[in-house]
Amino acid sequence: TKVSQWNKGITVVIIYWTLQASDAELEAALEAALEAGYRHIDTAYVYENEAAIGRVLAKWLNSGKVKREELFIVTKLPPAGNHPDRVEKYLKRSLDNLGLDYVDLYLVHVPFGFLEKGEDIHPVESDGNILLDKSTNHINIWKAMEAQVDAGLAKSIGLSNFNISQIKRVLQSARIPPSNLQVELHAFFQQKELVDFCKEHNIIVCAYAPLGSRGTAKLYERAGISKDFPDLLNNPKVLEVAEKYGKTPAQILLRHIVQRGIAAIPKSTNPDRIQQNLQVRCNSSKYL
Ligand code: A2P
């Protein structure tokens with residue numbers, strides 16, 4: 001049922017790193033998104049915004065404006081939780097932050113693990129290097145992920161930022177196969193081989209940064225780091241197609257993803273753009 005929810009196109013999302021939006025901005029954006037009809041909310045322990053999301057959800061759930069089963073809530077295991085003994089602890093923390101009994105989808109956020117150092121989300125050694133856990137074992141982590149489904153804390157489980165060989169390794173020993181893969185994907189990074197692989201294995205793909213990593217481009221700009229991010233929203237071909245169909249460039253980029261049977265989760269704090277990004281309908285899909 002959850003997959004059909006994605007297919008209905010109610011797939012969009014509000015993700016905000018604290019660096020990108022304050023709690024107040026996030027709460028206002030989430031209100032606007034729920035009003036507009038968004039029901040799929042994507043977050044992660046490391047975004048440090050689960051509690052703000054939880055406050056808005058509590059308001060909507062308590063007032064009866066939305067029912068829990070109408071929502072599709074996704075969060076992710078942080079790299080410091082990439083160890084079988086720590087999966088349950090971090091999921092329970094996320095549930096506590098969100099004020100929920102279960103999430104609809106729990107993802108392993110990244111394939112690499114960090115050593116735990118207190119509560120540090122990005123633990124570093126005294127020399128400033130990140131404390132990587134070189135013993136990270138995907139198969140053992142996945143067993144702990146499966147246990148969360150058994151315990152009813154996650155309705156489904158999946159992966160994020162994993163490549164084909166990493167997914168294959170998990171699939172080979174999985175009792176509950178990953179139902180979702182969330183990766184960066186947009187017109188300039190179409191991930192065709194990875195998407196075909198996922199299709200073969202019934203793994204739904206969800207595209208983050210679907211407008212071409214504009215959020216990351218802005219972060220780099222603000223930090224004064226020069227890096228060349230292609231500007232898909234001003235790409236001449238995208239502008240031409242937008243003109244032809246009377247749509248905005250963002251809608252063309254989102255439709256390009258959705259019509260491949262891929263869910264898309266654009267970020268926005270702007271109520272007009274939040275609305276606009278939902279007005280992307282696609283009835284035909286190669287995959288669905
Ligand atoms: P804003 O919050 O001001 O709308 P991505 O998910 O690919 O990283 O893109 C997120 C960025 O794209 C955000 O900075 C967001 O800014 C901007 N954005 C989101 N929707 C649109 C849109 N429809 N048109 C233009 N920019 C958009």
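For the structure, see preceding data.
Residues numbered from 1 in each chain as written. Predicted model: local features only at pLDDT ≥ 70, side-chain atom pairs only at ≥ 80, totals over all residues. Heavy atoms only, no water.

Peer 1: Any chance you could explain the site of the ligand here in plain terms?
Peer 2: The local shell around the ligand holds 18 residues, among which S268, T269, R273, Q276 and N277 are the closest. For the ligand, an oxygen atom lies 2.8 Å from a polar atom in the backbone of T269. Expressed as a share of its isolated accessible area of 570 Å², the protein-covered part of the ligand is 87%. Looking at the shell around the ligand, the elements that each hand over two or more residues are α8 (214-222) and α11 (271-278). Of the residues assigned to the shell around the ligand, the class counts are six nonpolar, eight polar and four charged. (Near = heavy atom within 4 Å. Polar contact = N/O pair within 3.5 Å; in protein donor to acceptor, adjacent residues only side chain to side chain. Areas by Shrake-Rupley, 256 points an atom, 1.4 Å probe, with all protein chains shown as cover. Helix = DSSP H or I, 4+ residues; strand = E, 2+ residues; numbered from the N terminus. Nonpolar A, V, L, I, M, F, W, Y, C, P; charged D, E, K, R; others polar.)

Peer 1: Would you take a moment to explain the packing of aromatic side chains for this structure?
Peer 2: Aromatic ring pairs are defined here through the distance separating the ring centres and the angle between the ring planes. Per the stated rule, a full pass over the model turns up three aromatic pairs. With 5.1 Å between their ring centres and 80 degrees between their planes, Y45 and Y90 make a pair best called edge-to-face. Taken together, the positions of Y45 in the loop between β1 (40-42) and α3 (50-62) and Y90 in helix α4 (residues 87-98) put the pair 45 residues apart, joining distant regions of the chain. Assessed through its relative accessible area of 3%, Y90 is described here as buried. Note on Y220 and F229: the rings are 5.4 Å apart at their centroids and 65 degrees apart in plane angle, and the pair reads as edge-to-face. Positioned above the aromatic ring of Y102, the side-chain terminus of R68 is 4.0 Å from the ring centre. Note that R93 overlies the ring of Y90, its terminal NZ or CZ placed 5.0 Å from the centroid. (Phe/Tyr/Trp six-rings, centres within 6.5 Å; stacked < 30°, edge-to-face > 60°. Buried < 20%, exposed > 50% of the residue type's maximum accessible area, 1.4 Å probe, protein only. Lys NZ or Arg CZ within 6 Å of the ring centre and 35° of its normal.)

Peer 1: Please explain helix α5 (residues 138-150) as it appears in this structure.
Peer 2: In an α-helix, one turn spans 3.6 residues, which is why side chains three or four residues apart end up on the same side. Here α5 contains 13 residues, and its C-alpha end-to-end distance of 18 Å stays within 8% of the 18 Å for a straight helix at 1.5 Å per residue. Every buried residue belonging to α5 is among H138, I141, W142, A144, M145, E146 and Q148, and all of these are buried. Where α5 is buried, its residues meet β2 (72-77), α4, β3 (105-108), β6 (157-160) and α6 (164-173). For α5, the capping residue at the N-terminal end is N137, with a side-chain oxygen 2.9 Å from the backbone nitrogen of I139. Phi turns positive, to about 80 degrees, at G152, one or two residues after α5. (Expected span 1.5 Å × (residues − 1). Contact = heavy atoms within 4.5 Å.)

Peer 1: Sorry, what's going on with the state of the cysteines here?
Peer 2: When the sulfur atoms of two cysteines share a covalent bond, that bond is a disulfide. Scanning the entire structure with this criterion turns up zero disulfides. Left unpaired, C198 is separated from the closest cysteine sulfur, that of C206, by 11 Å. On the basis of relative accessible area, C198 is assigned to the buried category, the value being 0%. According to the relative accessible area criterion, C206 is buried, its value standing at 3%. (Disulfide = S-S within 2.5 Å.)

Peer 1: Got a minute to help me understand the nonpolar core in this structure?
Peer 2: Grouped burial of nonpolar side chains is what soluble globular proteins tend to show. Counting 65 residues, the largest nonpolar core has Y106, M145, I167 and L181 as its most contacted members. With six residues, helix α10 (residues 249-258) is the largest single contributor of residues to this core. In this structure, L181 is in contact with L159, S160, N161, F162, I167, L194, C198, I203, I204, V205 and C206, ignoring residues within four places of it in sequence. Within the second largest apolar cluster, six residues are counted, among which are A29, A32, A33 and L278. (Core = buried A, V, L, I, M, F, W, Y, C linked by side-chain atoms within 4.5 Å.)

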